[in-house]
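# Architecture and fold: a report
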Amino acid sequence: MNYIGCDIGTGYTKGVLMGEDGRIIASSIIPTNADPRSAGKKIIDELLEKAKLKKEDIAGCGSTGWGRAYLPMEHKELSLINCIARGVSFLHPSCRTVIDIGAQHSMVILLDEKGQVLEFRQNDRCAAGCGRFIEVISEALQVNIEEISSLVLNAKEKVNITSQCAVFAESEVIAHVNEGRPVDAILAGIIESLGRSLVAMAKRLLIAEDIFVSGGMAKNAALLNVMQQHLEKKLNPAEPDPQLVGAVGAALLVKEKS
């Protein structure tokens with residue numbers, strides 16, 4: 001039997017098609033584009049096409065994330081926290097802390113040796129602690145978001161960003177641009193600010209190693225470097241793709257409940 005897990009976020013929709021043995025047969029990541037219904041339909045179609053299967057071949061489907069209710073096939077709606085926990089513990093059994101950094105949220109989850117959630121903290125109210133913060137700044141600086149990490153890693157200086165609010169930080173960035181400060185130095189300051197914010201949330205818990213990072217921002221090496229410096233602990237991007245952790249968890253949970 002085969003199972004589908006989908007994580008419909010505000011930025012991207014992620015999906016995996018999993019076999020009975022837990023093997024990931026197909027996966028896909030597409031922009032949500034503020035239309036979770038269309039994104040949900042497209043992700044299902046892509047997964048089935050890649051796996052050369054039909055809907056009749058799917059024994060169960062789990063959906064999580066902001067748009068979980070809009071998946072256009074019969075599905076079970078699942079908690080994102082539980083999906084992240086289940087996905088990362090399956091992919092990385094040694095994980096005891098997972099830091100998930102999404103487009104509109106960030107969360108830190110502590111796990112026991114069985115992958116059960118012990119405690120968590122999350123931020124879903126302030127853009128300054130999630131991926132949206134970087135999107136806002138990249139738009140203001142007219143920089144491709146995929147280029148930010150390499151620019152920061154090669155920056156020769158770092159501008160101090162004092163604002164802890166994304167709106168005020170954007171105004172501060174514009175002021176630095178008008179002063180002629182280098183774009184890479186401004187971005188280094190922004191990544192430093194985001195990293196500090198995430199570490200402050202993590203430190204509210206008694207985080208334990210091994211620590212894995214999921215979500216799209218886990219692909220930003222510069223951000224992980226900043227977080228590692230402030231936490232003084234090693235951070236590992238979840239594999240095979242940190243954006244797929246929630247979808248993997250959704251597929252596993254629905255498989256285990258079937």
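Provided above is the structure to which this section pertains.
Residues numbered from 1 in each chain as written. Predicted model: local features only at pLDDT ≥ 70, side-chain atom pairs only at ≥ 80, totals over all residues. Heavy atoms only, no water.

It is worth spelling out the overall build of the chain at this point. When you go through the chain residue by residue, the secondary structure sums to eight helices and ten strands. What you see for the chain is a C-alpha radius of gyration of 19 Å, in line with the 18 Å of a compact globule of 258 residues. Dimensions of the chain, computed from C-alpha atoms along their principal axes, come out at roughly 60 × 40 × 30 Å. Each of the 258 residues in the chain was classed as buried or not, and the buried ones make up 53%. Counting contacts in the chain only where the partners sit at least 6 residues apart, residues at least 24 apart contribute 65% of the total. (Helix = DSSP H or I, 4+ residues; strand = E, 2+ residues; numbered from the N terminus. Rg over C-alpha atoms; globule rule 2.2 N^0.38 Å. Buried < 20%, exposed > 50% of the residue type's maximum accessible area, 1.4 Å probe, protein only. Contact = heavy atoms within 4.5 Å.)

Within the element layout of this structure, Q243 appears in the loop between strand 10 (235–237) and helix 8 (245–257). Engagement of the side chain of Q243 in a polar contact is seen with the side chain of K219, the distance being 2.7 Å. Sequence-distant contacts of Q243, defined by excluding residues within four places in its chain, comprise Y12, K14, I29, G215, G216 and K219. (Polar contact = N/O pair within 3.5 Å; in protein donor to acceptor, adjacent residues only side chain to side chain.)

Before going further, it helps to examine the pattern of salt bridges. On inspection of all chains with the given rule, the structure shows eleven salt bridges. When the shortest N-O distance is used, the salt bridge between K158 and E192 registers 3.1 Å. Highlighted residues: K158 in the loop between helix 4 (148–153) and helix 5 (166–178) and E192 in helix 6 (residues 183–202), separated in sequence by 34 residues. By relative accessible area, K158 is classed as partly exposed at 48%. Counted as one network, the salt bridges with shared partners bring together R132, E135 and E139. (Salt bridge = Lys/Arg side-chain N within 4 Å of Asp/Glu carboxyl O.)

Everything listed here is a matter of geometry and, on its own, says nothing about what the molecule does.
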